Amino acid sequence: MDILSVIEHKKQNKSLTKEEIRFFVHGAADGSLPDYQLAALLMAIRLNGMDLDETACLTWEMAQSGAMLEPDVGGLPLDKHSTGGVGDTTTLVLAPLVAACGGKVLKMSGRGLGHTGGTVDKLESIEGMQVELAEDTFVSIVKEVGCCVVGQSKNLAPADKRLYALRDVTGTVDSVPLIASSILSKKFASGAKAIVLDVKVGSGALMPTLPDAMHLAQTMVEIGKRLNRPVSCVISGMEEPLGSHVGNALEVKEAIEILQGKVEGPLKDVALFLGSRMLMNAGLAKDGADGTAQMEKAICSGAGLKKFKEMIAAQGGNPKVCDDVSLLPAAPVICPVCATESGYLSKTDGVALGLAAQKMGAGRMKKDDVIDPAVGFVMHKRIGDLVKPGDVICTLHARDAASARQAEENIRSALTFSPAPVPAARLIYALVSEQGTENVNL
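Residues numbered from 1 in each chain as written. Predicted model: local features only at pLDDT ≥ 70, side-chain atom pairs only at ≥ 80, totals over all residues. Heavy atoms only, no water.

1. Considerations on the overall build of the protein
What counts is decided by this rule: By definition, any uninterrupted DSSP run of H or I lasting at least four residues is a helix, any uninterrupted run of E lasting at least two residues is a strand, and each is numbered from the N terminus. Throughout, the radius of gyration refers to the C-alpha atoms, and the reference size of a globule is 2.2 Å times the residue count to the power 0.38. Exposure classes here rest on a 1.4 Å probe applied to the protein chains alone. A residue is buried below 20% of its type maximum, exposed above 50%, and partly exposed in between. The contact rule is simple, with two residues in contact once any of their heavy atoms fall within 4.5 Å. Counting rule for charge: Lys and Arg are taken as positive, Asp and Glu as negative, and neither His nor the chain ends is counted. The atom standing in for a charge is NZ when the residue is Lys, CZ when it is Arg, CG when it is Asp and CD when it is Glu.
Scanning the protein from terminus to terminus reveals 16 helices and 14 strands. Taken against the 2.2 N^0.38 rule, which gives 22 Å for 442 residues, the C-alpha radius of gyration of the protein at 21 Å falls within 12% of a compact globule. With respect to the principal axes defined by its C-alpha atoms, the protein has extents near 65 × 45 × 40 Å. Residues counted as buried form 59% of the 442 residues belonging to the protein. Sequence separation of at least 24 residues holds for 76% of the intrachain contacts in the protein that already meet a minimum separation of 6. Of note, the protein has its 45 positive side-chain charges centred 1 Å away from the centre of its 52 negative side-chain charges.

Structure (structure tokens):
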């Protein structure tokens, strides 16, 4: 078997056999196949797709391309993953809160992908934070602290690690089979037994329409069913940045302020909704309302923030950032973007906003780019808000004046205003599981 024949088969829109999938996955994992041939195959998959049998096979082969953990964490191993968005820092909010309520969260996260931010990149903005840990260290932290968030280990789903990096720079991010197999292979390899997936929909999501997001959610639930791993998916909105802060250190700051009880809003609401489902899966909450109430209590008591401190310290980071966010990296240029006319913020181009942050240095344009943890922006207005001339729409955190000017231009072009009032953006649309689809209006 050779990779050219595999590429040719998929280019001709033929279903790949288990043997062909196993061949190219192993070639990605062991380095025997070059980037340019893998990139060609990824583009063929992006253009012609994969059926459920192919996607389930790809998922399982990528999971088995390295170690398969069966972790003893002192409880049911829980995991949550988002398909990516802008200002989406739910993991850093819900992981310590779920842990404070007795859950065991072992989270293997990715780096930034396309216009979307990466949880691992955000955590690395904390001084000393180690996200590349040995599997036994990862498991022991979860068992002791209740949560640990790490990058993808070389030993866990190594094929996906390589393909993930290539997708980021080859225009093949937005493919349902590649998204589903990438997410689930990491979850299965890490030993998660109950998985909650946050499937984003909207202008800032990989899935721009509700049917697209539903298709991805149903695909992942079906793969979980075929591979005997329970998977549930929450369809959540990404018509605008979820949190107000966009950029690595800025998003860590917002997560800390939520755990401190200082900040309310959509980021907290979605994090609590997802976390409540994790607690239900673990048998630690009787229903969503009970799970949410437990996490609210953990915020008020400081137990959630304490767990975040413990996790940071266990991973080598400086837990003092939880008491003093000024210890996080800060940009040298901070300046406002002000409105020039009156109107209601009616629409945002989420991809353009994510790319604006990426171009500032918060994301990667090339696979080997180094991220600037300090840069990004803070949005002060959300869809539905009335804006008057002189109002500050957002605050830029840039590395220099030229970067700030370019970011301002990019952000202004991403915002649309209306003379008539518009409703706030929807946060949650549906919950998809093996039992079916439940509509949610949040």
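Alright, that's what it looks like, and here's the rest.
2. What to know about the nonpolar core
As a reminder of what qualifies: Within this scheme, the nonpolar core is defined by two criteria: the residues are buried Ala, Val, Leu, Ile, Met, Phe, Trp, Tyr or Cys, and they are joined through side-chain atoms within 4.5 Å.
Ranked by internal contacts, the top residues of the largest apolar core, which has 91 residues, are Leu-123, Phe-308 and Phe-377. Per-element tally for this core: the top contributor is helix α12 (residues 266-281), with eight residues. The residues touching Phe-308, leaving out its near neighbours within four places in the chain, are Leu-92, Pro-96, Leu-123, Ile-256, Leu-259 and Cys-322.

3. Quick notes on the sheet that holds strand β12 (residues 415-418)
To keep it simple, the criterion reads: In this analysis, strands are considered paired if DSSP registers two or more bridges between them.
The sheet built from three strands is open, its strands ordered β10-β8-β12 with antiparallel pairing. On the outer flanks of this sheet lie β10 (386-387) and β12, each paired with one strand and no other. Pairing of strand β8 (residues 343-348) with β10 involves two bridges; the strand directions are antiparallel. Directly across from Tyr-344, in β10, lies its bridge partner Leu-386.

4. As for the environment of Thr-83
What counts is decided by this rule: Two N or O atoms form a polar contact when they lie within 3.5 Å of each other; inside protein one atom must be a possible hydrogen donor and the other a possible acceptor, and for residues adjacent in sequence the pair counts only when both atoms belong to side chains.
Relative to the helices and strands, Thr-83 resides in the loop between β1 (77-82) and α5 (90-100). Judged by its relative accessible area of 8%, Thr-83 falls in the buried class. C-alpha separation for the pair Thr-83 and Ala-205, spaced 122 residues apart in sequence, amounts to 7.8 Å. Not counting chain neighbours up to four residues away, the residues in contact with Thr-83 comprise Ile-179, Ile-183, Asp-198, Val-199, Lys-200, Leu-206, Leu-216 and Met-220. There is a polar contact of 2.9 Å between the side chain of Thr-83 and the backbone nitrogen of Lys-200.

5. Quick look at the pattern of salt bridges
As a reminder, the rule being used: When a carboxyl oxygen of Asp or Glu lies within 4 Å of a side-chain nitrogen of Lys or Arg, that pair is called a salt bridge.
Taken as a whole and judged by the stated rule, the model has 23 salt bridges. Notably, a salt bridge pairs Lys-193 with Glu-70, separated by 3.1 Å at the nearest N-O pair. Here Lys-193 is found in the loop between α9 (176-190) and β4 (194-201), whereas its partner Glu-70 is found in the loop between α4 (52-63) and β1, with 123 residues between them in sequence. Each member of the salt-bridge network shares a partner with another, and the members are Asp-53, Glu-222 and Arg-226.

6. So, the packing of helix α1 (residues 3-11) against helix α3 (residues 35-48)
Rules: Between the N-to-C directions of two axes lies an angle of 0 to 180 degrees, each axis being a line fitted to C-alpha atoms and, for a helix, fitted only over the stretch in contact. By definition in this entry, angles of less than 35 degrees are roughly parallel, angles greater than 145 are roughly antiparallel, angles of 65 to 115 are roughly perpendicular, and the rest are oblique. The hand of a helix crossing depends on one turn: near helix anticlockwise from the far one by less than a right angle means left-handed, and clockwise means right-handed. Nonpolar residues are Ala, Val, Leu, Ile, Met, Phe, Trp, Tyr, Cys and Pro. Charged residues are Asp, Glu, Lys and Arg, and all others, Gly as well, are polar.
Packing of α1 against α3 leaves a shortest axis separation of 8 Å and a crossing angle of 20°. Relative to α3, α1 is oriented roughly parallel. Two packed elements cross with a definite hand, and for α1 against α3 that hand is left-handed. Listed contacts from α3 to Ile-3, Leu-4, Val-6, Ile-7, Lys-10 and Lys-11 of α1 are Gln-37, Ala-40, Leu-41, Ala-44, Ile-45 and Asn-48. Classifying every residue of the contact of α1 with α3 by side-chain character gives eight nonpolar, two polar and two charged.

7. Concerning the side chain of Asp-88
By secondary structure assignment, the location of Asp-88 is in the loop between β1 and α5. Assessed through its relative accessible area of 8%, Asp-88 is described here as buried. Polar side-chain contacts of Asp-88 include one of 3.1 Å to the side chain of Thr-90. Excluding residues within four positions of it along the chain, Asp-88 makes contact with Ser-82, Lys-122, Asp-198, Lys-200, Met-238, Leu-242 and Glu-251.

8. Some remarks on α4
So the rule is basically this: An expected span of 1.5 Å times one less than the residue number is assigned to each helix.
Helix length check: α4 (twelve residues) gives 16 Å between terminal C-alpha atoms against 16 Å at 1.5 Å per residue, within 8%. Along α4, nine of the twelve residues are buried, which leaves the element largely enclosed by surrounding structure. Where α4 is concerned, the buried positions are Glu-54, Thr-55, Ala-56, Cys-57, Leu-58, Thr-59, Glu-61, Met-62 and Ala-63. Tucked into the core, α4 has its buried residues touching α1, α2 (18-30), α8 (158-168), α9 and α10 (210-226). The backbone nitrogen of Asp-53 has a side-chain oxygen 3.1 Å away, supplied by the residue at the start of α4, namely Asp-51.

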